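Okay, here's what each chain looks like letter by letter:
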Amino acid sequence: MIYYDESGKIFLLSGKNYSYAMFVNKYGFLQHLHYGSKISESDAVWLAGRIGKAYQPDCEGNNTDLDIDNMPSECGFAYRGDFREPTVVTERADGASMSRYLYASHKISEGVFEPSGLPHARRGDKTLYVTLRDGFSDTEIVLYYTVSDDSDVLVRGSVIKNAGKTALKLKKAFSFCTELFAADWKLLKLEGNWVAERSPEITDLGHGVTKIQSLRGASSHQMNPFAALLRDGADEFSGECYGFQLIYSGSWAITAERNNINQLRIQGGVNDFGFCWKLGAGESFHTPQAALCYSSEGMGKLSREYADFIRERIMPPAHAFSTRPIVVNNWEATYFDFNNEKLFAIIDESAKLGIDTFVLDDGWFGVRDSDRSGLGDWVVNEKKLKGGLKAVIDRCKSKGMKFGLWFEPEMISPDSDLYRAHPDYAICKKGTTPVYGRNQLCLDLTRKEVRDCVVEAVSKVLRENEISYVKWDYNRDLADMYSESLPADGMGEFTHRYMLGAYDLFERITSAFPNILFEGCAGGGRRFDAGMLYYFPQIWTSDNTDAVERTRIQYGTSYCYPLSAMSCHVSVCPNHQTGRTVSFDTRGAVASLGSTGYELDISKLSEQEKQKVKKQVEDYKKISDLVLSGDLYRLCDPFAGDRFCEMLVSKDKSKAYIAGVLTSYLPRRNSSHLRIYGLDENKTYKITETGECVSGKVLAAAGIPFRELREYESFVYHIEEVKKK
Ligand code: GLA
């Protein structure tokens, strides 16, 4: 719902449980009023008069002009009295950068705005567009806000236009800016590393600027493009929380600036380090979008809102809610060392156990027996695979299985035919030694001819073979930000242009093969973000397949992404990353909390283990609807203690699934009750595993004992409503 009060120039945007209000103050600034719980139209009018006036600058007279420094703003500006970090910075031909953006006009339209070449919210009810104009240059900024009655996510973005006659340099172009008033704010960020992605870290927000970012050309293992603000002691189950998530996969930044009267400006978008975009006369720049979310019921509710948003409005609609295949992937089973016999053995055994799809990972193309060569040569290596891909696909088909294939299309190995033919396709400044990552270079996707070459090479394989699943990998960060094809004064565009080029590849290839399920991957979770999920409805969550480590990685990832987005596999023990051994049951329990699969040599399992796989596959099929569309309740935080537990509940609360793991054994600590929040207190439920019938009320009020588990042991409960006769 969007309401506009003409006399006070007040905008009130409301979603399911939140409101967002702002007004045009007497000097023409778009001043922020409120973001939080739902308020009425008359409340917004009162706010404009009371709170609005209290923070309104006094621009009359010579000195008081600088009062703008405390004005809560929807768009920070540079060098004209707002001394906080600006949102947009332009530099004009005369070198001047000062600006003040004032309200010019607005309109309200049905539906969403689609930024060109960028992933975005696919649907929304209404969009407010507010045009601001700089009084000093000819820059125009259209801030837009998309609201939906059935969502607590507010989508924001902007279009920055050079409305003048001479070129401008756009030096910062963040996607959103908003302000929150004084409170005890905590910042939750998702930091990490390769094999340790997305660990929640909660810190106080001191005065000054706190910045989280990636400068790696990818959203990054190290920091996810997401921040949450927790107000006055808010936690998992209660209190006010705000989420800020970028729908973007390249270098990004989010800053939170607490000023000296404790107002908090939070904003983010494309990283401004080294960014400089030339805007010719009449040209526009579309920022990536940001998804803001409000919850008055803690982080748990915030995550459920984000999960719905991503499934319903970001993921490709044809795949978002359709049953995902249960895959077996040969990477940890064989690495590069495979042949027909080894693969056939995996396929034959997997088929017997009910697994749907065999995924052939790295090493099937060019000359690729290690990670030192072959990337770019997307032609099957028939020396390794007799009869080519067709032989493997035929084997899958004969066993009733489908076939998936690994690619790393954005990369090139210096030892490859592609490199020998087109060394200039690699990102590298002539005359310098480039930075290698995993022995490989990135392709210069800012160039159309390079993208065309990739599209053709990948499409040829997809056209000529029966492939139902693609794992699209990306195994290094971007460096040597330079393209021989850009002008000397255009290098500030390189990093964002790379990402636009990558999105162009994703769009062209995924739309040409709409029936293929594309899984994203980037050395595990280097690019786990809402931008990727627009094209790839699931992402390989981490190269760490240790079940205990995975409880933490998957828990952190669930703060802003749905479980169906996480690809989670059972692997062999001792685990290849950590050396840890945990039971097959525990590995299955943890891998069931996502789009599940196997990452081991099924043919080498014992008969007992094979029977466990069979049972896990059968059980997973019973809960796959919950993984696709259920609500997640995080019941025990593996970062906070010795246990992990998550529950998925169907929207009508008639069915639930719980999985828990004792992640470390602390004597006499593991007997306390597990309170089960999220079921309907007025319903009675049956727990299949124990046969008990129990009310939702007592499960929430008292809970069940967290079974006496030994270290790394797990349990699962399938829960069904007992219908009244
Ligand atoms: C990355 C992926 C792995 C695997 C290898 C292949 O590390 O995350 O799953 O595909 O590449 O080289």
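The structure contained in this document is the topic of the report that follows. (Residues numbered from 1 in each chain as written. Predicted model: local features only at pLDDT ≥ 70, side-chain atom pairs only at ≥ 80, totals over all residues. Heavy atoms only, no water.)

Remarks on the site of the ligand
Rules: A molecule or strand has a residue near it when one of that residue's heavy atoms lies within 4 Å. A 3.5 Å cut-off defines polar contacts: any pair of N or O atoms within that distance qualifies, except that in protein one atom must be a possible hydrogen donor and the other a possible acceptor, and neighbouring residues in sequence count only when both atoms are side-chain atoms. Per-residue and other accessible areas follow the Shrake-Rupley method at a 1.4 Å probe size, with only the shown protein chains counted as cover for residues.
Lining the immediate surroundings of the ligand are 13 residues, of which Asp-361, Asp-362, Arg-438, Lys-471 and Asp-543 lie closest. For the ligand, an oxygen atom lies 2.6 Å from a polar atom in the side chain of Asp-361. Note that an oxygen atom of the ligand is positioned 2.8 Å from one of the side-chain N or O atoms of Lys-471. Starting from 300 Å² of accessible surface for the ligand in isolation, the protein chains cover 96%.

Some points on the nonpolar core
For clarity, the cut-off: To form a nonpolar core, buried Ala, Val, Leu, Ile, Met, Phe, Trp, Tyr and Cys residues must be joined to one another through side-chain atoms within 4.5 Å. To sort residues, take the accessible area from a 1.4 Å probe on protein chains only and compare it with the maximum for the residue type: under 20% means buried, over 50% means exposed, and anything in between is partly exposed. Strands here are runs of E lasting at least two residues and helices are runs of H or I lasting at least four, both read from the DSSP assignment and numbered beginning at the N terminus. Contacts between residues were defined by any pair of non-hydrogen atoms, one from each residue, lying within 4.5 Å.
With 183 residues, the main nonpolar core has Phe-358, Trp-364 and Tyr-598 as its most contacted residues. With eight residues, the top contributor of residues to this core is helix 9 (residues 494–512). Aside from chain neighbours lying at most four places away, what touches Trp-364 is Phe-338, Trp-378, Val-379, Val-380, Asn-381, Leu-385, Leu-389, Leu-405, Trp-406, Phe-407 and Val-461. Ranked by size, the runner-up nonpolar core spans 22 residues in total, among them Met-647, Ile-658, Leu-674 and Val-694.

Structural notes on the pattern of salt bridges
Rules: Counted as salt bridges are all cases of a side-chain nitrogen of Lys or Arg within 4 Å of a carboxyl oxygen of Asp or Glu.
A complete count under the given rule lists 64 salt bridges for this structure. Note that Asp-504 is salt-bridged to Arg-451, the shortest N-O span being 2.8 Å. Of this pair, Asp-504 sits in helix 9 while Arg-451 sits in helix 8 (residues 448–464), and the two are 53 residues apart along the sequence. Using a relative accessible area of 13% as the deciding quantity, one classes Arg-451 as buried. Residue Arg-526 is joined to Asp-477 by a salt bridge in which the shortest nitrogen-to-oxygen separation is 2.9 Å.

Focus on unusual backbone geometry
The omega torsion across Cys-573 and Pro-574 is -5°, close enough to zero to call that bond cis. Within the secondary structure, Pro-574 is located in the loop between strand 29 (566–571) and helix 12 (584–591). For Asp-480, which is not glycine, the phi torsion reads 50° and is therefore positive. Along the chain, Asp-480 falls in the loop between strand 26 (469–472) and helix 9.

Side note on a nonpolar patch on the surface
Rules: Patch building starts from residues that exceed 30% relative accessible area and form no salt bridge, then joins like charges within 9 Å and nonpolar side chains (Val, Leu, Ile, Met, Phe, Trp, Tyr) within 5 Å.
The grouping of Tyr-79, Met-98 and Phe-136 at the surface amounts to a nonpolar patch, some 330 Å² of accessible area in total. Overall, Tyr-79 belongs to the exposed group, its relative accessible area being 65%.

Examining the environment of Cys-293
Looking at the secondary structure, you find Cys-293 in strand 20 (residues 289–295). Judged by its relative accessible area of 0%, Cys-293 is buried. Taking C-alpha positions, Cys-293 is 8.9 Å from Ser-151, a pair spaced 142 residues apart along the chain. Aside from chain neighbours lying at most four places away, what touches Cys-293 is Tyr-35, Asp-152, Val-153, Cys-241, Tyr-242, Gly-243, Leu-302, Glu-305 and Tyr-306.

Some remarks on the sheet that holds strand 1 (residues 2–5)
Within a beta sheet, neighbouring strands are joined by backbone hydrogen bonds and run either parallel or antiparallel to one another. Cut-off, in case you're wondering: Pairing between strands is defined by DSSP: at least two bridges between them are needed. As a rule, the C-alpha atoms of each element are fitted with a line to give its axis, helices using only the stretch in contact, and angles between N-to-C directions run from 0 to 180 degrees.
What the four strands build is an open sheet, ordered 1-2-3-4; its pairing is antiparallel. Here the strands that pair on one side only, and so sit at the sheet edges, are strand 1 and strand 4 (30–37). Within the sheet, the average angular offset between the axes of one strand and its neighbour, ignoring direction, is 15°. Note: strand 3 (residues 18–24) against strand 4, seven bridges, orientation antiparallel. Its bridge partner lying in strand 4, Phe-23 is registered against Gln-31. The sheet contacts of helix 1 (residues 41–55) involve strand 1, strand 2 (10–14), strand 3 and strand 4, and relative to strand 4 the element is tilted by about 125°.

Structural notes on the packing of aromatic side chains
Stated precisely, the cut-off is as follows: Any two of the Phe, Tyr and Trp rings considered here, Trp counted by its six-membered ring, make a pair once their centres fall within 6.5 Å; the pair's planes then place it as stacked at under 30 degrees, edge-to-face at over 60, or tilted in between. By definition, being over a ring means that NZ of Lys or CZ of Arg is both within 6 Å of the ring centre and within 35 degrees of the ring normal.
Evaluated as defined, the whole model comprises 44 aromatic pairs. Ring centres of Trp-364 and Phe-365 lie 5.2 Å apart, and the angle between their planes is 80°; this geometry places the pair in the edge-to-face category. Phe-365 shares its class with Trp-364; the two are buried. Ring geometry for Phe-715 versus Tyr-717: centroids 4.9 Å apart, planes at 50°, classification tilted. The pair formed by Phe-715 and Tyr-717 is uniform in burial state, with each residue classed as buried. Three or more aromatic residues joined by ring pairs form one cluster here, namely Tyr-248, Trp-472, Tyr-503, Phe-506, Phe-518, Tyr-534, Tyr-535 and Phe-536. In this structure, Lys-384 packs its charged tip against the face of Phe-338, placed 4.6 Å from the ring centre. Across from the ring centre of Tyr-559, 4.2 Å away, lies the NZ or CZ of Arg-634, which sits over that ring.

A word on the environment of Leu-632
Looking at where Leu-632 falls in the secondary structure, it is placed in strand 31 (residues 631–636). Given a relative accessible area of 11%, Leu-632 falls into the buried group. Sequence-distant contacts of Leu-632, defined by excluding residues within four places in its chain, comprise Arg-304, Ser-558, Leu-563, Glu-646, Met-647 and Leu-648.

Section: the packing of helix 5 (residues 340–352) against helix 6 (residues 388–398)
Stated precisely, the cut-off is as follows: Roughly parallel refers to an angle under 35 degrees, roughly antiparallel to one over 145, roughly perpendicular to one between 65 and 115, and oblique to any angle outside these ranges. By convention, the crossing between two helices is left-handed when the near helix turns anticlockwise from the far helix through less than a right angle, and right-handed when the turn is clockwise. Three classes are used, and their members are as follows: Ala, Val, Leu, Ile, Met, Phe, Trp, Tyr, Cys and Pro are nonpolar, Asp, Glu, Lys and Arg are charged, and the others, Gly among them, are polar.
With their axes 10 Å apart at the nearest point, helix 5 and helix 6 run at an angle of 20° to one another. It follows that helix 5 is roughly parallel to helix 6 by the angle criterion. For helix 5 against helix 6, the interelement crossing comes out right-handed. Contacts between helix 5 and helix 6 involve Asn-340, Leu-343, Phe-344, Ile-347 and Asp-348 from the first element and Ala-391, Val-392, Arg-395 and Cys-396 from the second. Across the contact of helix 5 with helix 6, the residue classes tally to six nonpolar, one polar and two charged.

Some details on the side chain of Thr-334
Following the sequence through the fold, Thr-334 ends up in helix 4 (residues 331–334). Using a relative accessible area of 8% as the deciding quantity, one classes Thr-334 as buried. Setting aside its immediate chain neighbours within four residues, Thr-334 contacts Lys-342 and Ile-346.

Quick word on helix 1
Where we set the bar: Each residue after the first adds 1.5 Å to the expected span of a helix. One fitted axis covers the seven residues ending at a residue, a second covers the seven starting there, and the bend at that residue is the angle between these axes.
With 15 residues, helix 1 should reach 21 Å at 1.5 Å per residue; the first-to-last C-alpha distance of 20 Å fits that figure. Of all bends in helix 1, the biggest is about 35°, found at Leu-47. By the burial criterion, the buried members of helix 1 are Ala-44, Leu-47, Ala-48 and Gly-52. Against the buried residues of helix 1 lie strand 2, strand 3 and strand 4.

Considering the sheet that holds strand 30 (residues 595–599)
In spatial order, the strands read 21-22-23-26-27-28-29-30; together these eight strands close into a barrel with parallel pairing. Ignoring which end each strand starts from, the neighbouring axes of this sheet average 30° apart. Of the strand pairs in this sheet, strand 28 (residues 538–540) and strand 29 are connected by two bridges, and their pairing is parallel. Among the inter-strand pairings, Trp-540 is bridged to a residue of strand 29, identified as Ser-567. Where helix 5 meets the sheet, it contacts strand 21 (327–329) and strand 22 (357–360), and its direction lies at approximately 160° from that of strand 22. Contacting strand 23 (402–407), strand 26 and strand 27 (517–520), helix 8 runs over the sheet at an angle of about 170° to strand 23.

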